[in-house]
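# Chain and residue survey
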Amino acid sequence: MLGCVAARGGFRNWWVLVCMLVLSACSLPEPTEEFASQFDRTGRFVVRVQAPGQQAESVQGGFKWRQNASGWQLDLVSPLGATLARIDSRPDEVVLQRPSERPQRAATAASLMAQLFGAKVPVDALPYWILGKVAPGLDVRHV
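Just so it is clear, the model here is predicted, and its values are computed rather than measured.

## Digging into the nonpolar core
Of all hydrophobic cores here, the largest spans 13 residues; its most connected members are Trp72, Ile87 and Leu112. If you tally residues by element for this core, the top one is helix H2 (residues 109–117), at 3 residues. Apart from residues lying up to four places away in sequence, Ile87 is in contact with Trp72, Gln73, Leu74, Val94, Val95, Leu96 and Met113.

Below is the structure:
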């Protein structure tokens, strides 16, 4: 009897592993050669969100940042390593790609975030923030 229980538990663990691998296969492809990166960063993030009158929620994952003279690319990655979303920013257009969804486009990263969240998020300064610089045109007095 104990052998059957152990065997079922082992099968269940194997099935969970297979499901995780299948889900990670639904990720976006790695960057193509057309985006030749001049600056790369990889890291982790934790975001705490609390809507008025509701419990706070935490989201965690990773990111891959690539930047060159013509734009930047940001991948948001699940804790298991699957790419959940990719933002491609070029001078004339910003595109958000998510697995199994149609790409969303906007003129700037800030306007794309406003479409998604209904609020202004100053993400156009990301290329400067990631380099530890202040974006031009911002009234910053103390760094």
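Here the narrative resumes.
## Digging into unusual backbone geometry
One non-glycine residue with positive phi stands out, namely Ser100, at about 65 degrees. Within the secondary structure layout, Ser100 lies in the loop between strand S5 (93–97) and strand S6 (104–106).

## Examining the pattern of salt bridges
Inspection of every chain in the model, using the stated rule, returns 4 salt bridges. The closest approach of N and O atoms between Asp75 and Arg86, which form a salt bridge, is 2.6 Å. Pair noted here: Asp75 is in strand S3 (residues 71–77) and Arg86 is in strand S4 (residues 83–90), with a separation of 11 residues, a long-range link. The exposure class assigned to Asp75 is buried, which follows from its relative accessible area of 0%.

## Section: the sheet that holds S4
An order of S1-S2-S3-S4-S5-S6 is seen for the 6 strands of this open sheet, with the pairing classed as antiparallel. Of all the strands in the sheet, just strand S1 (39–49) and S6 have a single pairing partner and so form its edges. Strand-to-strand twist of the sheet, defined as the mean angle between neighbouring strand axes without regard to direction, takes the value 20 degrees. The pairing of S4 with S5 spans 5 bridges and is antiparallel. Within S5, the position partnered with Arg86 by the bridge is Gln97. Seen against the sheet, H2 touches S3, S4, S5 and S6 and runs at an angle of roughly 130 degrees to S6.

## Overview of a nonpolar patch on the surface
Among the surface-exposed residues, Tyr128, Trp129, Val134, Leu138 and Val140 lie close enough to one another that they form a single nonpolar patch of about 440 Å² accessible area. With respect to the helices and strands, Trp129 occurs in helix H3 (residues 126–129).

## Here we look at the side chain of Arg86
On the accessibility criterion, Arg86 (5% relative accessible area) is buried. Only 2.6 Å separates the side chain of Arg86 from the side chain of Asp75, close enough to count as a polar contact.

Reading the values: rules and limits
- Residues numbered from 1 in each chain as written.
- Predicted model: local features only at pLDDT ≥ 70, side-chain atom pairs only at ≥ 80, totals over all residues.
- Heavy atoms only, no water.
- Core = buried A, V, L, I, M, F, W, Y, C linked by side-chain atoms within 4.5 Å.
- Buried < 20%, exposed > 50% of the residue type's maximum accessible area, 1.4 Å probe, protein only.
- Helix = DSSP H or I, 4+ residues; strand = E, 2+ residues; numbered from the N terminus.
- Contact = heavy atoms within 4.5 Å.
- Salt bridge = Lys/Arg side-chain N within 4 Å of Asp/Glu carboxyl O.
- Pairing = 2+ DSSP bridges.
- Axes fitted to C-alpha atoms, helices over the stretch in contact; angles between N-to-C directions.
- Patch = residues over 30% accessible without salt bridge, like charges linked within 9 Å, V, L, I, M, F, W, Y side chains within 5 Å.
- Areas by Shrake-Rupley, 256 points an atom, 1.4 Å probe, with all protein chains shown as cover.
- Polar contact = N/O pair within 3.5 Å; in protein donor to acceptor, adjacent residues only side chain to side chain.

In short, shape yes, function no, at least from these values alone.
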